[in-house]
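Chain and residue survey
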Amino acid sequence: MRLLHTSDWHLGQTLHNYDRTYEHQCFLDWLVDTLADEAIDVLLIAGDIFDNANPSSHAHRQLYRFLQRARSRVPHLQVVVIAGNHDSPGRLEAPTPLLEAYGTTVVGNVLRRSDGEVDLERLLVPLKGRDGEIKAWCLAVPFLRPGDVPRIAREAKQEGQPDEPAAPHDPYLQGTTLLYQQAHALARERAAPGQAIVAMGHCHMVDGQSSLDSERRIVIGGSEALPTSMFGSDIAYAALGHLHLAQRVGGREHVRYCGSPLPLSFSEVGYQHQVLRIDLDGDRVPTVTPVFVPRAVELLRVPATPAPLEQVLEALETLALDPDLPPQAWPYLEVRVLLDGPEPGLRGRIEAALAGKPIRLAKIEPTRKLVAVSEASDALSLEQLARLQPDDIFRRLWQQRFGDEAPPDQIDAFAELFHAVGDVK
């Protein structure tokens, strides 16, 4: 059996207010072809299929049209989707009766039985081969909130049960570890010899590498990183979502993030996005192969490192771009400028240098030279702080940032803004 591990599609996402429908559609078109070309049996989507809990109708249509096309191209395809922290579990599960017709299983919510215990049955998904026989079992565990995890953090080990790694001491981490252990134990009961156990999760693992500027932190009781020990040693593969860079976790070859298929911030300019192909041989995974996702729209940083404004403007004016690109494929641009002081006309000068070029100015990143300020001049007593007026604070911050007195027009502008805000309040 051959699986494809994807996550963090973030359908409906915008990049600095630019719509990305075209890029998402290019990815989905490529993915349909890849499912067919790679002879995939099961597609795993490990959360954050949408960018927010209330996605647009167009984002929904993109997803459902993809599922219909994928099933048409690969009639035996099975799809397993779990909710991520960006997704609304209820919205994701709402069309379940229709999605099942396309071989799609969605697990958004963690439900409880009448006795208050977690309903583990709905987290266990049989994965069937082309002959209709069960080849593997999937622990489809969505993003877990504090109320989702078992209420009893630890249970006494029953005689005859295999030893489990010790759970961490934080109640949420304990509950999460226990839930995976319980689901894993149920999968062991169901799995026949030669049937693999595959886990899915949307979470932040210990030592996981984040992508700068593109990930929403999951903060639960001050703790969020989960240990790889929560995955039993006989789990053939753990398909993870949430972190946007592909990586192995804890040095374990078969505990992986596949990363997002699209760049979600300019920190990913030079990063090659991918999905992961997992080949199952009985109850083990001999190979995990990256399949690289082509980038439909380029991200450019000009210059590569911040430079003075005149150098930046010269680089922008000489920027070589493809004039035949359609507007939806024009590159996104981040301009990086090193400033000595305030530059009120910065955006206007940059836009003038780009006039008529097939490019989208997404971000201007100003970097200011550090101004050394003596520690003694900054120190204020509590009594002095209490006497400071808002304009005094503004003057001091300006001095610290730019090493000079604030110009009168800037002080007047601050006063006008301050009083306008006060009137609104």
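Below you will find a few notes about this structure.

Brief notes about the sheet that holds strand E14 (residues 252-257)
- Ordered in space as E7-E8-E9-E12-E14-E13, the 6 strands form an open sheet in which the pairing is mixed. Here the strands that pair on one side only, and so sit at the sheet edges, are strand E7 (124-128) and strand E13 (247-249). On average, each strand axis in the sheet is inclined to that of its neighbour by 30°, with strand direction left out of account.
- Note: E13 against E14, 3 bridges, orientation antiparallel. Within E14, the residue paired with Gln247 across the bridge is Tyr257.

A few points about the nonpolar core
- Within the largest apolar cluster, 55 residues are counted, with the highest numbers of intra-cluster contacts made by Val80, Leu139, Met205 and Phe231.
- If you tally residues by element for this core, the top one is helix H5 (residues 171-190), at 7 residues.
- Excluding residues within four positions of it along the chain, Met205 makes contact with Ala225, Leu226, Pro227, Thr228, Met230, Phe231, Leu240, Val249 and Tyr257.
- Core analysis: the second largest hydrophobic core is formed by 31 residues, Val32, Leu67, Val74 and Val291 among them.

A look at the packing of aromatic side chains
- The tally for this structure, following the rule as stated, stands at 6 aromatic pairs.
- Ring plane angle 75° and centroid distance 5.6 Å describe the contact between Trp9 and Phe27, whose orientation is recorded as edge-to-face. With Trp9 in the loop between strand E1 (2-6) and strand E2 (14-15) and Phe27 in helix H1 (residues 21-37), this pair connects stretches of sequence that are 18 residues apart.
- For Trp9, a relative accessible area of 1% puts it in the buried group.
- Summarising the aromatic geometry, the rings of Tyr180 and Phe231 are spaced 5.3 Å apart at their centres and angled 80° between planes, so their arrangement reads as edge-to-face. Linking Tyr180 in helix H5 with Phe231 in the loop between strand E11 (225-226) and strand E12 (237-241), this pair joins segments that are 51 residues apart in sequence.

Structural notes on the packing of helix H6 (residues 309-317) against helix H7 (residues 346-354)
- Between H6 and H7, the least distance of the axes is 8 Å, while the angle of their chain directions is 25°. If you check the angle between H6 and H7, you find them roughly parallel. The chirality of how H6 crosses H7 is right-handed. On H7, the residues that touch Leu309, Glu310, Leu313, Leu316 and Glu317 of H6 are Leu346, Arg349, Ile350, Ala353 and Leu354.
- Residue composition of the contact of H6 with H7, by class: 7 nonpolar, no polar and 3 charged.

Remarks on the pairing of strand E19 (residues 360-368)
- Where strand E18 (residues 332-339) and E19 come together, 8 bridges link them in parallel fashion. In the sheet register, Leu333 faces E19, and the bridge partner there is Leu361.

Comments concerning the packing of H1 against helix H2 (residues 57-73)
- Look at H1 against H2: their axes get within 9 Å of each other, and the N-to-C directions meet at 15°. What the angle tells us is that H1 and H2 run roughly parallel. By crossing handedness, the relation of H1 to H2 is classed as right-handed. Here Thr21, His24, Gln25, Leu28, Asp29, Leu31, Val32, Asp33, Leu35 and Ala36 of H1 lie close against H2, whose contacting residues are His58, Gln62, Phe66, Arg69, Ala70 and Arg73.
- For the contact of H1 with H2, the per-class residue count stands at 7 nonpolar, 5 polar and 4 charged.

A short note on H5
- The end-to-end C-alpha separation of H5 is 29 Å, in line with the 28 Å expected for 20 residues at 1.5 Å each.
- Along H5, 15 of the 20 residues are buried, which leaves the element largely enclosed by surrounding structure.

Here's the deal with the pattern of salt bridges
- In total, this model carries 23 salt bridges according to the counting rule given.
- The shortest N-O distance in the salt bridge between Arg248 and Glu253 comes to 2.8 Å.
- Owing to a relative accessible area of 46%, Arg248 belongs among the partly exposed residues under this scheme.
- For Glu253, a relative accessible area of 36% gives the class partly exposed.
- Residue Glu253 pairs with Arg256 through a salt bridge whose shortest N-O separation is 2.4 Å.
- Its relative accessible area of 6% is what places Arg256 among the buried residues.
- Salt bridges linked by common partners bring Arg301, Glu334, Arg336, Lys363 and Glu365 together as one network.

Things to note about the sheet that holds strand E6 (residues 104-107)
- Spatially, 6 strands are ordered E6-E5-E4-E1-E15-E16 in an open sheet, and the strand pairing comes out mixed. The sheet terminates laterally at E6 and strand E16 (284-292), the two strands that pair on one side only. Put simply, the sheet's adjacent strands are angled 20° from each other on average, direction ignored.
- Pairing of E1 with strand E4 (residues 42-46) involves 4 bridges; the strand directions are parallel. Its bridge partner lying in E4, Thr6 is registered against Ile45.

What about the side chain of Asp41?
- Along the polypeptide, Asp41 turns up in the loop between H1 and E4.
- If sequence neighbours within four positions are ignored, Asp41 has contacts with Met1, Arg2, His76, Leu77, Gln78 and Arg130.

Analysis parameters
Residues numbered from 1 in each chain as written. Predicted model: local features only at pLDDT ≥ 70, side-chain atom pairs only at ≥ 80, totals over all residues. Heavy atoms only, no water. Pairing = 2+ DSSP bridges. Helix = DSSP H or I, 4+ residues; strand = E, 2+ residues; numbered from the N terminus. Axes fitted to C-alpha atoms, helices over the stretch in contact; angles between N-to-C directions. Core = buried A, V, L, I, M, F, W, Y, C linked by side-chain atoms within 4.5 Å. Buried < 20%, exposed > 50% of the residue type's maximum accessible area, 1.4 Å probe, protein only. Contact = heavy atoms within 4.5 Å. Phe/Tyr/Trp six-rings, centres within 6.5 Å; stacked < 30°, edge-to-face > 60°. Parallel < 35°, antiparallel > 145°, perpendicular 65-115°, else oblique. Left-handed = near helix turned anticlockwise from the far one by under 90°. Nonpolar A, V, L, I, M, F, W, Y, C, P; charged D, E, K, R; others polar. Expected span 1.5 Å × (residues − 1). Salt bridge = Lys/Arg side-chain N within 4 Å of Asp/Glu carboxyl O.

Worth remembering: the numbers are spatial, not functional.
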